[in-house]
Amino acid sequence: MTAAIRCMIRRDLLLAVRRSSDVFTVLLFFVIVVSLFPLGIGPDPALLRTIAPGAICVAALLASMLALQRIFAADHADGTLEQMLLGATPLGMTVAAKVLAHWLVTGLPLVLIAPVLALQFDFPQELLGVLTLSLALGTPVLGLIGAIGAALTLGLRGGGALLSLLVLPLYIPVLIIGAGSAEAAAAGLGGHAQLLLLGAFLVAAAAFAPWAAAVALRISME
Amino acid sequence: MSNGFNWFKYSSPQTFFPIAGKLAAVFAVAAAIACAAGLYIGFFVAPTDAQQGDAYRIIFIHVPAAWMSMFLYMVMAFWAGMGLMFNTRLSGMMASAIAPTGALFTFLALWTGSLWGKPTWGTWWVWDARLTSELILLFLYFGFMALQAAIDDSRRADKAGAVLALVGVVNVPIIYFSVKWWNTLHQGASINFTKAPTMAATMFTGMVVMALGFWFYSIAAAMLRARCIMLEREHATEWAAEYVKGLAGNHQGRPGLKGV
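The residue numbers shown here count from 1 along each chain, following its written sequence. Key to labels: chains lettered from A, ligands numbered from 1, both in the order written. Residue-level local features of this predicted model are given only where pLDDT is at least 70; pairs of side-chain atoms are given and counted only at 80 or more, and the full residue set underlies all totals for whole chains, interfaces and linings.

It is worth spelling out the overall build of chain A at this point. Helix and strand content of chain A: nine helices and zero strands. Ordered by position from the N terminus, the helices and strands of chain A form the series α-α-α-α-α-α-α-α-α. Structurally, chain A occupies a C-alpha span of about 55 × 30 × 30 Å along its principal axes. A residue is called partly exposed when the number of other C-beta atoms within 10 Å of its own lies between 12 and 20, exposed at 12 or fewer, and buried at 20 or more, with C-beta atoms placed from the backbone. Expressed as a percentage of its 222 residues, the buried residues of chain A come to 47%. Pairs at least 24 apart in sequence give 79% of the contacts found in chain A among residues at least 6 apart. Helix and strand assignments come from DSSP, with helices taken as H or I runs of at least 4 residues and strands as E runs of at least 2, each series counted from the N terminus. A pair of residues counts as a contact when their C-beta atoms, built from backbone coordinates, are within 7 Å of each other.

What follows is the structure in structure tokens.
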């Protein structure tokens, strides 16, 4: 089973590398949305410093939501997904492997570039670690929850807008806790409690979301 | 089934349809009576609040609506889960029939809360934990309805909606606590199961009677809507075709509230 999962991750990564422009679109979207906040709100450094964690979290939320349909859409279109449903590997494990590969391609780059963007907001350098860590813990949760929504809306008309309506309300705890960790750290509270909570979300989502997404996939492919 | 009552008898649309019509009629009448009584108590019997004056009287709509909004989500998720577990058609229909009523009460709770907030807090809206989680609940209802509306195959719509409703149920407490830790201004609950209510007895009575009225209304509305859904989905069957034919030949009746 581990071999099948490793193969799945390798395949998805390879596909992403061959079509690398898709990956960069998500990353660029994230960078652009983050840069829109100062343009809309004004260049006051004190204000920007306060909104930095929230703005970056919201942008990460939108960017990862934009990328969600890619998890299953291509495999659905060329029939590979049906073979995965029929395969011997438990579907939940397949979904988990796909989500992991998806996060490596679309989530990890956001986490890595976030500290640079935070500097644009005059965010204190010593707090960049907390911000990055909160994104590193939060973005996989977004991918896991989003996989359920992506599986439910597979092949439906108006998929993108519908997907955001389903998934964004479920993302709210990650947004609140994720942005809260950097804000708490900025207020001198350390932000450890929020990071631990995010870790708990990640563990719970990793344990349950792939199976819920697997059920949703079976419903969509009936 | 000779001994005992066969509950599954009413899990088929054909046998449930006439019962739903009767239940809708009975509960519609009960809802009208309870709401009239509740509003009378609320507006004429209950004393004026010492601090909030008469503005507090919206509580008789606001609190029961907020209770129903959360309760109906649980009921909806329950039926959705039953549909997934037992693969019964009627369960999914019940879940879709409840969703709009739940969304209506959620909206009503937000709307009346805003009307109440203006005179007492001095603002229409604050980003307080309860308001925010109620708003998110409204989004969850909308998501459920939008997903079902986007799927043409009704069986797939039922099952996909069920998965979403169940994921939502798991998320509701998480959302509630995360917004609670985030920000809280809303007053604590005045009614608690562990201690006596911190309000006049007549106020409490008015609220309970209104809650019963809303409850009856929800049952009546859900039954009526379930009947429409049943007719829509079962239009190819003999009993549904006969019923529709009977409607066409009989204009003077009020078909929505009568049995087959």
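Helices and strands together make up the secondary structure of chain B, namely seven helices and zero strands. Seen in sequence order, chain B has helices and strands lined up from the N terminus as α-α-α-α-α-α-α. Counting only residues that meet the buried cut, chain B has 40% of its 260 residues in that class. Considering only intrachain contacts with a sequence separation of at least 6, the fraction spanning at least 24 residues in chain B is 78%.

This brings us to the interface of chain B and chain A. Contact with chain B, which involves 21 residues of that partner, is made by 20 residues of chain A. Only α4 (129-150) and α5 (154-182) of chain B provide two or more residues apiece to the side of chain B that touches chain A. Residues are grouped as follows: Ala, Val, Leu, Ile, Met, Phe, Trp, Tyr, Cys and Pro are nonpolar; Asp, Glu, Lys and Arg are charged; all remaining types, including Gly, are polar. For the side of chain B that touches chain A, the per-class residue count stands at 16 nonpolar, three polar and two charged.

With that settled, consider unusual backbone geometry. Of note, Asp122(A) is a non-glycine position whose phi angle comes to about 60°, a positive value. Locating Asp122(A) in the fold gives a position in the loop between α6 (91-120) and α7 (128-152). In this structure, Asn87(B) takes a positive phi of about 55° despite not being glycine. Positionally, Asn87(B) belongs in the loop between α2 (59-86) and α3 (89-121).

On to the packing of helix α2 (residues 20-41) of chain A against α6(A), then. All names here are of chain A. Only the stretch in contact is used when a helix axis is fitted, and all axes are lines through C-alpha atoms; the angle between N-to-C directions ranges over 0 to 180 degrees. Between α2 and α6, whose axes approach to 10 Å, the crossing angle comes to 35°. Relative to α6, α2 is oriented so that their crossing is right-handed. Judged by residue contacts, Val23, Val26, Leu27, Phe30, Val31 and Val34 of α2 engage Val105, Thr106, Pro109, Leu110, Ile113 and Leu117 from α6. Each residue belonging to the contact of α2 with α6 can be placed in one class, and the counts come to 11 nonpolar, one polar and no charged. Here a crossing is taken to be left-handed if its near helix is turned anticlockwise relative to the far helix by less than a right angle, and right-handed if that turn runs clockwise.

Residues and elements named next belong to chain A. At a closest axis distance of 8 Å, the pairing of α6 and helix α9 (residues 192-220) adopts a crossing angle of 110°. When the axes of α6 and α9 are compared, the pair comes out roughly perpendicular. Between α6, through Leu91, Gly92, Val95, Ala96 and Val99, and α9, the contact on the second element is made entirely by Pro210, Trp211, Ala213, Ala214 and Leu217. By definition in this entry, angles of less than 35 degrees are roughly parallel, angles greater than 145 are roughly antiparallel, angles of 65 to 115 are roughly perpendicular, and the rest are oblique.

Here we take up the confidence of the model for chain A. Do not read the predicted coordinates in detail wherever pLDDT is low. Per-residue confidence for chain A gives a mean pLDDT of 90; residues scoring 70 or more make up 100%. Here helix α8 (residues 159-186) of chain A stands out as the element of chain A with the lowest mean pLDDT, 87, in contrast to α7(A), whose mean of 93 is the highest. Confidence of the predictor in every single residue is expressed as pLDDT, which spans 0 to 100.

Below, the discussion takes up the confidence of the model for chain B. Scored by pLDDT, chain B has a mean of 83; 85% of the residues are at 70 or more. Both scores are available for the predicted complex, with the pTM at 0.85 and the ipTM at 0.86.

Let us look at α9(A). Helix length check: α9(A) (29 residues) gives 40 Å between terminal C-alpha atoms against 42 Å at 1.5 Å per residue, within 8%. At Ala205(A), α9(A) is bent by approximately 35°, the largest bend along its length. Here a helix's expected span is defined as the number of its residues, less one, multiplied by 1.5 Å. A residue's bend is simply the angle between two axes: one fitted to the seven residues ending at it, one to the seven starting at it.

For Ser35(A), the position within the fold is in helix α2. Counting along the chain gives 46 residues from Ser35(A) to Leu81(A), while the straight-line C-alpha distance between them is 37 Å.

Moving on to the environment of Val23(A). Residues and elements named next belong to chain A. Here Val23 is to be found in helix α2. Sequence separation of Val23 and Thr106 is 83 residues, and the distance between their C-alpha atoms is 6.1 Å. Excluding anything up to four places from it in sequence, Val23 contacts Ala16, Val105 and Thr106.

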